[in-house]
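Overview (structure and organization)
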Amino acid sequence: MSYGSTLTEIVIDGISRGAVYALVALGYTMVYGVLGMINFAHGEVFMIGMFACVYAIGLFSTIWGSHALLNLGLGIIVAMIFSAAYGYANERIAYRRLRKAHVLAPLTSAIGISTFLQYFIFLTVSKEKVNFPRYYSDLLTTNRLHFGPVEITYLQVAIFGLTLLIMGGLFFLINFTRLGIALRATAQDQLMASLVGIPVNKIIAFTFILGSALAAVAGVMVAMYNNVLVFDAGYRVGLKAFTAAILGGIGNVPGAVLGAMILGLTEALTTLQFGSQWNDVTTFGVLMLVLLLRPRGLLGERVADKV
Amino acid sequence: MARWRPYLLGTLGLAAITFPFLWLKLAPDFNNNTVTIAWAPWHGLEFFGDLSPVFVITFLIWLGVQANRHFGWDKVLTQNRAWQQAGHTWTHYWAWGTMPLVLSGSLFLGASSLSLLTNVGIYMLLALGLNITVGMTGLLVLGYAGFYGFGAYFFALAQQNLPYFPWWMACPLAFALGGGAGYLLGLPCLRLRGDYLAIVTLGFAEAFRELMRNLSVDETDTTPHGPFVRELIQIFNTSGDKGIILNDSSTFGKVAGLNSGQVAYIVMALVLFLAVFLVQRLFHSPVGRAWIAIRENEVAAASVGVPVVQMKLLAFSLSAAIAAVAGVIYGAKDGFISPSICEFQQSIMILAMVILGGLGNSYGALLGAALLYLVPEYLKFLPLMIQDNALLRTIVPSFMRDSFQHLADYRLLLFGAVMVLMMLYRPQGLLGSRRRKTEMLHP
């Protein structure tokens, strides 16, 4: 195999990683855009989505046997419902009462929730890695599309297609619907929004639910891509996704996707050049570089503390 | 009834979304590469059984809080002039009273207690340092263990390359270098929103740990390293996950008839006293006032002439420097350093200590460190104690006796819950003032 085709494969790998980070980063960036707060437990919601999908697949295959596509599809839907429920519960329990508090308070309680959920899964589900049932993931990972010398798995196509679709949908939702107007109004000024009749609490809850459901999709994709589920997977992916959101300019939907793509490509190239164990180091280097040169992110607006 | 409905609905909802994880068990089917699910009621019962002492203790605390609300005990304490006088004298002269007491402990305590207390001291120092940024200046730092590891690895690598490099030379150097590292790291992100610092420090701790794991010369290592990396590794050989074993000349040794454990304890105590003294003096100086002003309202602070960025940088580098010194002491005490000391859990634990004790209160940080380090340690001994004591054996039911043993595994789960509950109900921490609570909840 020539270097060129290896490079192409690496780039494809990078783009599909980036697409997954983008799905998670969208959740961070939406919550940040509306509330101005880092939802630190978002990575854990992603992890819950992974596990909920495997539980759902287990349940359905126990009830009516292994129908691959049906179980997988229902599994993704169940994962989205569960993640959304967890996201809503986090908002209701840990953030809503602290909405007007000092910046430190919701951030700390988010870290608390994140640690709690990680160790909840650690203690109740498994301390070790759990394998994603291969019977379901092989369907998408062994079948490939061929473009000349390059092979792309169905899963990579699905990941990339889904990310584009969701990003487009989100862009439409935010810019061209009544809900989007309400969302932007809430982001600008909660008090004013509530005065003109926007149900601020419901809008914020909706933001959390939407972001969490997207994270669940990403979770199932990652679980199929890597074939393993770990209790701290959310923390690792969450950190990367948040870095991506900062890279692109936090609070900015296209920025999150751009940042995630850059991050995914950086990782893939690092793997090629130095070995995958250096991924965290180069990612951090890129983050510091962007913060030094362009503090508000690649596509970000002016970021300043609100008075 | 109406008052309880939201709570009832919430509990039902939580029960529903945790249902599969608690009451069902995954059963992988390796023949067909698929997965099935099994009903496992014992699994959930075990979880709640292990947590039963926590429920009992929480209930007792709740009873105490309710009783206090009814009888007003805290008002008796805080409004009594005699108590206020005593408290005043205590905070002024406490060091002169406690220092001989703490130092004499090195003579009559056993080796294992001394080691335990030295570890408590290290965490107290870390909590004290983190309190400067998180508590006093209001900047969230999530990768504090990164600086702790930075100090420890600076010490370990220096003693590996230099023939003679004792701990007393490493401490001041680590202070300076740790401060410098904090300065460089804070420079790009402290100009921005406060939450950027949280992520950048978190990324720093992760990157630092990965770096220390990867910089190793291993003959069996087949992963491709570039040529530049190879040269770096010649100097910075950290032996990866295996860790570095320090030379005897660098760790705490015998001095004037005291064994190494006693020396470690005394050094730790002296460093801690010095650190508390310095931090308290700084806190009550114009610098401390500037930190508080930044914490309360950055824009207002800048408008009255507080040099916001410099003050933030000072707070951040000072706390990084303190963590680096703690790292050196850790290395000199244990004689062994591995990448696991800068794990995320470590950072979270130190943060939980600061929050539990009271954000912005140095003594609170010390109390939080002692509680969160010692309680899990002593929980391990509790089952043995119950076994030996006839009265306790009859009071405590048998399943709860086992759960005390398992409770150490639940430590981080409980830390997480404590962080959320503290933020919701007592954001000022255990040793916090009413004023601090208002500041946290209604800025």
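Calculation criteria
As a convention, each chain's residues are numbered from 1 in the sequence order in which they are written. Chains and ligands are labelled by the order in which they are written, letters from A for the one and numbers from 1 for the other. Only residues with pLDDT of at least 70 are given local features in this predicted model, and only at 80 or more are side-chain atom pairs given and counted; all residues enter the totals for whole chains, interfaces and linings. Helix numbering and strand numbering both begin at the N terminus, where a helix is a DSSP run of H or I of at least 4 residues and a strand a DSSP run of E of at least 2. A radius of gyration in this sense is built from C-alpha atoms; the matching globule rule multiplies 2.2 Å by the number of residues raised to 0.38. Remark: C-beta atoms are placed from the backbone, and a residue is labelled buried if 20 or more other C-beta atoms sit within 10 Å of its own, exposed if 12 or fewer do, or partly exposed between those counts. Throughout, a pair of residues is in contact if the C-beta atoms placed from their backbones lie within 7 Å. Residue type decides the class: Asp, Glu, Lys and Arg count as charged, Ala, Val, Leu, Ile, Met, Phe, Trp, Tyr, Cys and Pro as nonpolar, and the leftover types, Gly among them, as polar. To estimate how far a helix should reach, multiply one less than its number of residues by 1.5 Å. Interaxial angles span 0 to 180 degrees and are taken between N-to-C directions of axes, which are lines fitted to C-alpha atoms, for helices over the stretch in contact. When describing relative orientation, an angle under 35 degrees is termed roughly parallel and one over 145 degrees roughly antiparallel, while 65 to 115 degrees is termed roughly perpendicular and anything else oblique. Between any two strands, at least two bridges found by DSSP are needed for them to pair. The angle separating two fitted axes, one through the seven residues that finish at a residue and one through the seven that start at it, defines the bend at that residue. How sure the predictor is of each residue is captured by pLDDT, a score from 0 to 100.

1. Re the overall build of chain A
Tallying secondary structure elements over chain A gives 12 helices and four strands in all. Taking 19 Å as the expected radius of gyration for a compact globule of 307 residues, we find that chain A reaches 19 Å, a close match to that expectation. Along the three orthogonal principal directions, the C-alpha set of chain A runs to about 60 × 50 × 40 Å. Residues classed as buried in chain A amount to 55% of the 307 residues present. Partitioning the intrachain contacts of chain A with sequence separation of at least 6 by distance along the chain shows that 75% fall at a separation of at least 24.

2. With respect to the interface of chain A and chain B
Across the boundary between the two partners, chain A contributes 62 residues, which contact 64 residues of chain B. Broken down by secondary-structure element, the contributors of at least two residues to the side of chain A that touches chain B are helix H2 (42–64), helix H3 (68–95), helix H4 (104–124), strand S1 (130–131), helix H5 (134–141), helix H10 (233–248) and helix H12 (279–293) of chain A. In terms of residue count, H4 of chain A provides more of the side of chain A that touches chain B than any other element does, 15 residues in total. Looking at the side of chain A that touches chain B, its residues break down into 42 nonpolar, 15 polar and five charged.

3. Here we look at helix H14 (residues 344–357) of chain B
An α-helix turns once every 3.6 residues. As a result, residues three or four positions apart point the same way. Residues and elements named next belong to chain B. Helix length check: H14, at 14 residues, gives a terminal C-alpha distance of 20 Å against a target of 20 Å (1.5 Å per residue), a fit within 8%. Most of H14 sits out of view: 13 of its 14 residues are buried. Immediately beyond the C-terminal end of H14, within one or two residues, lies Gly 358, with a positive phi of roughly 135°.

4. Digging into the packing of helix H6 (residues 154–176) of chain A against helix H7 (residues 178–188) of chain A
Residue and element names in this part refer to chain A. Their axes nearest at 5 Å, the elements H6 and H7 cross at an angle of 75°. As judged from the angle between their axes, H6 and H7 are roughly perpendicular. Residues Leu 173, Ile 174, Asn 175 and Phe 176 of H6 lie in contact with H7, whose contacting residues are Leu 179, Gly 180, Leu 183 and Arg 184. Of the residues contributing to the contact of H6 with H7, the split by class is five nonpolar, two polar and one charged.

5. As for unusual backbone geometry
Phi is positive for Asn 227 of chain A, which is not a glycine, with a value near 65°. Among the structural elements, Asn 227 of chain A can be located in the loop between helix H9 (200–226) and strand S4 (228–229).

6. Points about the pairing of strand S2 (residues 34–39) of chain B
For a regular strand, side chains alternate in direction, first toward one face of the sheet and then toward the other. Residue and element names in this part refer to chain B. Relative to S2, strand S1 (residues 24–29) runs antiparallel, the two being bridged by six bridges. Each bridged residue has a counterpart across the sheet, and for Ala 27 the counterpart in S2 is Thr 36. Between the antiparallel neighbours S1 and S2 lie four residues, among them Asn 33 with a positive phi of about 55°.

7. Overview of the environment of Leu 177 of chain B
Residue and element names in this part refer to chain B. You can see Leu 177 is positioned in helix H7 (residues 167–189). When the C-alpha atoms of Leu 177 and Ala 321 are compared, they prove to be 7.2 Å apart, with 144 residues separating the residues in sequence. Each residue touching Leu 177, except ones within four places of it in the same chain, is listed here: Phe 154 and Ala 324.

8. A look at the pairing of strand S3 (residues 150–153) of chain A
In terms of strand pairing, strand S2 (residues 144–147) of chain A meets S3 of chain A through four bridges, oriented antiparallel. Along S3 of chain A, the bridge assignment pairs Phe 147 of chain A with Val 150 of chain A.

9. Considerations on helix H2 (residues 41–71) of chain B
Residues and elements named next belong to chain B. The end-to-end C-alpha separation of H2 is 43 Å, in line with the 45 Å expected for 31 residues at 1.5 Å each. Considering bend angle alone, the principal kink of H2 is centred on Leu 51 and spans about 45°; proline Pro 53 follows within four residues of it. Across the 31 residues that make up H2, only a small minority, one, are buried. The first or second residue beyond H2 is Gly 72, which carries a positive phi of 70°.

10. Brief notes about the environment of Ile 348 of chain B
Structurally, the position occupied by Ile 348 of chain B is in helix H14. Put simply, Ile 348 of chain B and Ala 145 of chain B are 203 residues apart on the chain and 8.7 Å apart in space, counted from C-alpha to C-alpha.

11. Regarding the confidence of the model for chain B
Summarising the model, chain B shows a mean pLDDT of 81, and 88% of its residues fall at 70 or more. Our summary of model confidence lists the complex with pTM equal to 0.86 and ipTM equal to 0.86.

12. Describing the environment of Ile 17 of chain B
Tracing the backbone shows Ile 17 of chain B in helix H1 (residues 5–23). Look at Ile 17 of chain B and you get partly exposed, because 18 C-beta atoms sit within 10 Å. Each C-alpha atom, one on Ile 17 of chain B and one on Phe 277 of chain B, is 49 Å from the other, the two residues being 260 residues apart in sequence. If sequence neighbours within four positions are ignored, Ile 17 of chain B has contacts with Phe 82, Ala 85, Tyr 86 and Ala 89 of chain A.

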